[in-house]
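What follows is each chain in one-letter form.
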Amino acid sequence: MHTPRADRRTLPRTADNGLKIVVVGGFGVGKTTLVRSVSEIRPLNTEETMTRAGEGVDDLDKASTKTSTTVAFDFGRISIDPRTVLYLFGAPGQERFWFLWDRLFSGTLGAVVLVDTRRLADSWYAIDRLEHHGTPFVVARNDFGDASRHTDAQVREALDLPEHVPMITCDARDRESSKNVLITLVQHLYALSTAARGSTEK
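Now for a quick tour of the structure. (Residues numbered from 1 in each chain as written. Predicted model: local features only at pLDDT ≥ 70, side-chain atom pairs only at ≥ 80, totals over all residues. Heavy atoms only, no water.)

**Examining the side chain of threonine 84**
Structurally, the position occupied by threonine 84 is in strand 5 (residues 84-90). Taking the relative accessible area as the measure of exposure, threonine 84 reaches 11% and is therefore buried. Within the local environment of threonine 84, its side chain forms a polar contact with the side chain of asparagine 17, the two groups lying 3.4 Å apart. (Helix = DSSP H or I, 4+ residues; strand = E, 2+ residues; numbered from the N terminus. Buried < 20%, exposed > 50% of the residue type's maximum accessible area, 1.4 Å probe, protein only. Polar contact = N/O pair within 3.5 Å; in protein donor to acceptor, adjacent residues only side chain to side chain.)

**A few points about helix 4 (residues 152-159)**
Val155, Arg156 and Leu159 are the residues of helix 4 that are buried. The buried side chains of helix 4 occupy one side of the element, clustering within an arc of 100° when seen end-on. Across from the buried face of helix 4, at angles greater than 90 degrees, the exposed residues are Ala153 and Glu157. The inward-facing, buried residues of helix 4 abut strand 6 (110-115), helix 3 (124-133), strand 7 (137-142) and strand 8 (167-170). Two residues or fewer after helix 4 comes aspartate 160, characterised by a positive phi angle close to 55°. (Arc of directions from axis to C-beta. Contact = heavy atoms within 4.5 Å.)

**Digging into helix 3**
For helix 3, the complete set of buried residues consists of Ala126, Ile127, Arg129 and Leu130. End-on view of helix 3: buried residues confined to an arc of 165°, all on one side of the axis. For helix 3, the secondary structure elements touched by its buried residues are strand 1 (17-25), helix 2 (101-105), strand 6, strand 7 and helix 4. Among the residues trailing helix 3, glycine 134 stands out with phi positive, at a value near 70°.

Following this line, the structure appears as structure tokens:
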């Protein structure tokens, strides 16, 4: 369920620490929805109405109700404390916009790969590019009402996902659920940082 955003407030103009996180995944998996649900500011989005020009270009077989699409990126913000903020960038999902991804990954602390279990193959490119850049990530299964169709083990095997990469189920429409995805990512990044620090001290 979508949570009302009556709690949005005026934020400080500046922050000492800005941390960048990117949300990636296939076309129509809910990236814009996740950024919108969790951002504490009115998110910037570049959604445009889908037209006949996209017929035969964008695969709508499993997203037949989708009427708009991101053509650049989504942007949101979350304050961790008065001087530290997370900047969220939602990447466009269509293959014709993938050339933007490498630029979005620049300076990224970590990423969320949002997947629809009905179209797992759409997530392979995102995982491949993140691994190519050496960017840590977590996988979030967006619950479209059929999350129980595949077990976590089956999804891991289909994505060839290493055991150390966290995978959770979420509802991108729900703020608390989306926040939990980001918390999982931050915890994963902290664990990787702690492990790396421990290995250098030996």
